[in-house]
Amino acid sequence: KDFSMEDFDLSLDKIRKRVTWNFMHRRDDGGDTIARKKKTDVFEEVYRRYSRAKVSNEGKLPPGTLVGLIDAVKLEHGVADVKMSTLEAKVRTRFKKENPGFRSAPPPSSSGGGASSS
């Protein structure tokens, strides 16, 4: 950008805002873009598999299933620097948002064989 004398009278606050905006909206065609795309691909694939598993198992998944899915997808895509807890939360939140009528637990059966708590 051509900096001429028109920018000479700008306040420090206005300059700070311009610099911040330019920094936040920069386009980096280097490795950062590739890493970000890989993380997005990992998220999308984990969500796809989690959603399919939840629907096919009527909402009941064994403990650790999501962690296992995340580990498998991270290995397949060669991404190691994805935070597990963040990815778990994002996947669960998106599933709840996209499937509001989906019951995560099947309705209790009327057979009377329910578990009692002690």
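Please read all numbers here as calculations on a predicted model, not as lab measurements.

1. Digging into the confidence of the model for the protein
Consideration 1: The share of residues in the protein with pLDDT of 70 or more is 68%, and the mean pLDDT across the chain is 75.
Consideration 2: Of all secondary-structure elements in the protein, the lowest mean pLDDT belongs to helix α1 (residues 12-24), at 74, while helix α4 (residues 84-98) reaches the highest, 88.
Consideration 3: Contacts for the low-pLDDT stretch residues 106-118, under 50 throughout, to residues beyond four places or in other chains number 2 contacts.

2. Regarding the packing of aromatic side chains
Consideration 1: A full pass over the atoms with the stated rule returns 1 aromatic pair.
Consideration 2: With 5.7 Å between their ring centres and 80° between their planes, Y50 and F95 make a pair best called edge-to-face. In this pair, Y50 sits in helix α2 (residues 31-56) while F95 sits in helix α4, placing the two residues 45 residues apart along the sequence. A single burial state applies to Y50 and to F95, both of which are buried.
Consideration 3: The ring of F43 carries K90 above its face, with NZ or CZ at 4.8 Å from the centroid.

Basis of the calculations
- Residues numbered from 1 in each chain as written.
- Predicted model: local features only at pLDDT ≥ 70, side-chain atom pairs only at ≥ 80, totals over all residues.
- Heavy atoms only, no water.
- pLDDT = per-residue confidence, 0-100.
- Helix = DSSP H or I, 4+ residues; strand = E, 2+ residues; numbered from the N terminus.
- Contact = heavy atoms within 4.5 Å.
- Phe/Tyr/Trp six-rings, centres within 6.5 Å; stacked < 30°, edge-to-face > 60°.
- Buried < 20%, exposed > 50% of the residue type's maximum accessible area, 1.4 Å probe, protein only.
- Lys NZ or Arg CZ within 6 Å of the ring centre and 35° of its normal.

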